[in-house]
Amino acid sequence: MFTSTGSNGFYKAPLSKSLLLVPSAISILLTLLFQHHQKFFAYNLQAVKEDFQIWRLVCGRTICLDLKDTFCSSLLIYNFRIFERRYGSRKFSSFLLGAWMLSALFDLLLVEITQYIFGITINSLPSGFLGPVFALFVPFYSSIPRVQVTQVLGHFSITNKSLVYILGLQLLTSGSYIWILALSGLISGICYNSSILKVHRILCVPRWVAKIFSWTLEPVFSSAEPTNEVRVGMGATVDIQRQQRMELLDRQIMMSQVAQMRRQRQQQGGMINWNRLFPPLRHRHNANYQDHRPSEQGIPPPTEVSEEQVARLMEMGFSRGDALEALRASNNDLNVATNFLLQH
């Protein structure tokens with residue numbers, strides 16, 4: 001749904017990449033090889049409240065012990081990497097830190113409320129980095145535009161955001177008390193985004209901490225810029241990336257047309273009669289152009305042509321002469337020149 005898969009999909013998103021790889025690897029190792037160490041990563045609220053084992057908050061709210069939760073949360077982090085590209089790693093990490101701390105507080109409050117109202121005693125909750133993941137649904141809902149992709153049965157719309165919501169629903173139904181984590185995460189996301197509470201000014205990563213992690217961890221988890229797609233800016237959103245995919249498909253179609261046009265021109269031979277095609281385009285902005293016969297004094301000087309654009313047209317199979325004439329006639333506009341070459 002988002003741009004490219006693989007390591008290049010994390011271009012300008014090293015924190016998201018680290019959050020996907022490191023906890024997932026530890027979760028798999030704990031499940032397959034070190035099951036006897038899983039007790040250290042259990043989110044045991046009773047031990048936190050009665051024995052003041054605060055370290056269990058860090059371990060229990062970071063590593064998933066259920067591989068299904070690991071898989072769903074990893075996919076969600078991959079999709080939410082768009083916020084790191086948009087805001088930068090420091091602001092993104094500040095949001096995750098604030099959401100993590102607030103959701104830990106709301107976890108304890110919701111457990112106490114549940115026990116007080118319903119009489120249900122909850123001693124443990126599902127482990128993992130789930131609170132901040134659910135908190136990211138708040139900016140996802142409010143800032144990512146909704147673009148319809150298709151319709152099912154003519155009534156149900158499938159949008160670019162449907163898959164993310166389905167993954168969130170799947171994660172929500174994976175455990176009996178995971179709804180507490182989801183609710184605390186959503187509340188923490190709303191509180192952090194709220195301009196009234198000003199939580200983002202208090203719970204933020206200091207610049208010196210961000211610089212240390214930038215020097216030490218960013219080189220390890222950084223990804224190369226994708227070379228097979230249009231460059232994606234920091235403020236890219238889903239609809240922009242979808243448009244870029246369409247433009248990439250258009251270029252592939254254009255290259256196919258170029259190859260076909262080249263074969264036809266080789267069979268026909270000869271040069272294109274640019275004097276027949278381009279005079280109106282060349283002189284349409286000339287004030288002295290009257291009766292389709294511009295005066296010699298009113299003819300503008302020849303437009304300087306970029307050799308780089310000439311080379312790009314020649315790579316498509318056009319001759320240098322045709323490329324020069326097309327670029328001059330189109331005022332050095334590569335797209336217009338290409339269209340004229342393809343159509344004529």
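Definitions and limits used
- Residues numbered from 1 in each chain as written.
- Predicted model: local features only at pLDDT ≥ 70, side-chain atom pairs only at ≥ 80, totals over all residues.
- Heavy atoms only, no water.
- Helix = DSSP H or I, 4+ residues; strand = E, 2+ residues; numbered from the N terminus.
- Patch = residues over 30% accessible without salt bridge, like charges linked within 9 Å, V, L, I, M, F, W, Y side chains within 5 Å.
- Areas by Shrake-Rupley, 256 points an atom, 1.4 Å probe, with all protein chains shown as cover.
- Salt bridge = Lys/Arg side-chain N within 4 Å of Asp/Glu carboxyl O.
- Buried < 20%, exposed > 50% of the residue type's maximum accessible area, 1.4 Å probe, protein only.
- Core = buried A, V, L, I, M, F, W, Y, C linked by side-chain atoms within 4.5 Å.
- Contact = heavy atoms within 4.5 Å.
- Phe/Tyr/Trp six-rings, centres within 6.5 Å; stacked < 30°, edge-to-face > 60°.
- Lys NZ or Arg CZ within 6 Å of the ring centre and 35° of its normal.
- Axes fitted to C-alpha atoms, helices over the stretch in contact; angles between N-to-C directions.
- Parallel < 35°, antiparallel > 145°, perpendicular 65-115°, else oblique.
- Left-handed = near helix turned anticlockwise from the far one by under 90°.
- Nonpolar A, V, L, I, M, F, W, Y, C, P; charged D, E, K, R; others polar.

Looking at an unreviewed UniProt entry, one finds the chain named Ubiquitin-associated domain-containing protein 2 and attributed to Leucopsar rothschildi.

Turning our eyes to something else, we now look at unusual backbone geometry. For Phe-52, which is not glycine, the phi dihedral falls at a positive 55°. Structurally, the position occupied by Phe-52 is in the loop between helix 2 (45-50) and helix 3 (55-60).

Together, Leu-105, Leu-109, Ile-113, Tyr-116, Ile-117, Phe-118 and Ile-120 make up a nonpolar patch on the protein surface, roughly 780 Å² of accessible area in all. If you trace the backbone, Leu-105 turns up in helix 6 (residues 89-118). For Leu-105, a relative accessible area of 46% puts it in the partly exposed group.

With that settled, consider the nonpolar core. Counting residues in each nonpolar core, the largest one holds 43 residues, and the members touching the most others are Leu-76, Phe-80, Phe-83 and Leu-125. Of all elements in the fold, only helix 2, helix 4 (67-80), helix 5 (82-87), helix 6, helix 7 (130-135), helix 8 (137-143), helix 9 (162-172) and helix 10 (178-193) reach the threshold of two or more residues within this core. Per element, the largest residue contribution to this core is nine residues, and it comes from helix 6. When sequence neighbours within four positions are dropped, the list of residues in contact with Phe-83 reads Gly-88, Phe-92, Leu-136, Pro-139, Phe-140, Ser-143 and Ile-144. Membership of the second largest hydrophobic core comes to 11 residues, among which are Val-305, Val-310, Phe-318 and Leu-327.

Let's shift gears to the packing of aromatic side chains. Tallied over the entire structure, the rule returns nine aromatic pairs. With 6.5 Å between their ring centres and 85° between their planes, Phe-137 and Phe-140 make a pair best called edge-to-face. Separated by three residues within a single helix, Phe-137 and Phe-140 lie in helix 8, roughly one turn from each other. On the basis of relative accessibility, which here comes to 10%, the residue Phe-137 falls in the buried class. Classification of Phe-140 by relative accessible area gives buried; the value is 0%. A network of ring pairs unites the aromatic residues Phe-80, Phe-83, Tyr-87, Phe-134, Phe-137, Phe-140 and Tyr-165 as a single cluster. Sitting above the plane of the Tyr-78 ring, Arg-81 keeps its charged end 3.9 Å from the centroid.

Right, let's talk about the packing of helix 6 against helix 10 for a bit. Relative to each other, helix 6 and helix 10 sit at 130°, their axes nearing to 7 Å. Between helix 6 and helix 10, the interaxial angle falls into the category oblique. Here helix 6 and helix 10 pass one another in a crossing that is right-handed. Listed contacts from helix 10 to Ser-94, Phe-95, Gly-98, Ala-99, Leu-102, Ser-103, Phe-106, Asp-107, Leu-110, Val-111 and Thr-114 of helix 6 are Trp-179, Ile-180, Leu-181, Leu-183, Ser-184, Gly-185, Ile-187, Ser-188, Gly-189, Cys-191, Tyr-192 and Asn-193. Of the residues belonging to the contact of helix 6 with helix 10, the class tally is 13 nonpolar, nine polar and one charged.

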